Amino acid sequence: PSEQVKAYHDQFNWVYLDADDSSNEKVAAKYGANLLPTFVFLDSQGELISKVPGFYEAKDFAKLLKEVLKKARK
């Protein structure tokens, strides 16, 4: 990852879901992953913190990660 994003890399558990794989349809539907990519952020209890569809430039994605961490720590 870029240097901006790398600073947040170890603060998340990253999971990739292939929404094109039919075996993942239920999970993709549960989180409304109908635009690719879609980033879904869950807290440690599995509760939705944020869902963000679309592509981000590295600096904007780093800002998003920072905001998600703030929400998760509330």
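Keep in mind that this is a model prediction, so the values were computed, not measured.

K.L.:
So what's going on with the overall build of the chain? Which residues, and what values?
P.N.:
Counting its secondary structure elements, the chain contains three helices and two strands. Shown N-terminal to C-terminal, the secondary structure of the chain runs as helices and strands in the order α-α-β-β-α. By principal-axis analysis of the C-alpha atoms, the chain measures approximately 35 × 25 × 15 Å. Burial statistics for the chain: of 74 residues in total, 22% are counted as buried. Counting only contacts in the chain whose residues sit at least 6 apart along the sequence, the fraction spanning at least 24 positions is 33%. As displayed, the chain has an accessible area near 5,900 Å², and 50% of this comes from carbon and sulfur atoms.

K.L.:
Describe in detail a negative patch on the surface, supporting the description with residues and values.
P.N.:
Taken together, the side chains of Asp18, Asp20, Asp21 and Glu25 present a region of like negative charge at the surface. When you line up the elements, Asp18 lands in the loop between α1 (3–6) and α2 (25–30). On the accessibility criterion, Asp18 (31% relative accessible area) is partly exposed.

K.L.:
Can you explain the environment of Ser44? Please cite residues and give values.
P.N.:
Checked against the element boundaries, Ser44 lands in the loop between β1 (38–42) and β2 (48–53). A relative accessible area of 74% places Ser44 in the exposed class. Considering only alpha carbons, one finds Ser44 and Phe61, 17 residues apart in sequence, at a separation of 21 Å. A distance of 3.4 Å separates a polar atom in the side chain of Ser44 from a polar atom in the side chain of Gln45.

K.L.:
Please provide a residue-by-residue account of the pattern of salt bridges, values included.
P.N.:
For the structure on display, the rule yields one salt bridge. Across the pair Glu3 and Lys6 runs a salt bridge, and its minimum N-O distance is 3.5 Å. Placement of the pair is Glu3 and Lys6 together in helix α1, with a separation of three residues, close to one helical turn. Residue classification places Lys6 among the partly exposed positions, given a relative accessible area of 44%.

K.L.:
Kindly report on the nonpolar core, identifying the contributing residues and their values.
P.N.:
Listed in full, the eleven residues of the largest apolar core are Val5, Tyr8, Phe12, Phe41, Val52, Phe61, Ala62, Leu64, Leu65, Val68 and Leu69. Top contributing element to this core by residue count: helix α3 (residues 58–72), with six residues.

Calculation notes
- Residues numbered from 1 in each chain as written.
- Predicted model: local features only at pLDDT ≥ 70, side-chain atom pairs only at ≥ 80, totals over all residues.
- Heavy atoms only, no water.
- Helix = DSSP H or I, 4+ residues; strand = E, 2+ residues; numbered from the N terminus.
- Buried < 20%, exposed > 50% of the residue type's maximum accessible area, 1.4 Å probe, protein only.
- Contact = heavy atoms within 4.5 Å.
- Areas by Shrake-Rupley, 256 points an atom, 1.4 Å probe, with all protein chains shown as cover.
- Patch = residues over 30% accessible without salt bridge, like charges linked within 9 Å, V, L, I, M, F, W, Y side chains within 5 Å.
- Salt bridge = Lys/Arg side-chain N within 4 Å of Asp/Glu carboxyl O.
- Lys, Arg positive; Asp, Glu negative; His and termini not counted.
- Charge placed at Lys NZ, Arg CZ, Asp CG, Glu CD.
- Polar contact = N/O pair within 3.5 Å; in protein donor to acceptor, adjacent residues only side chain to side chain.
- Core = buried A, V, L, I, M, F, W, Y, C linked by side-chain atoms within 4.5 Å.

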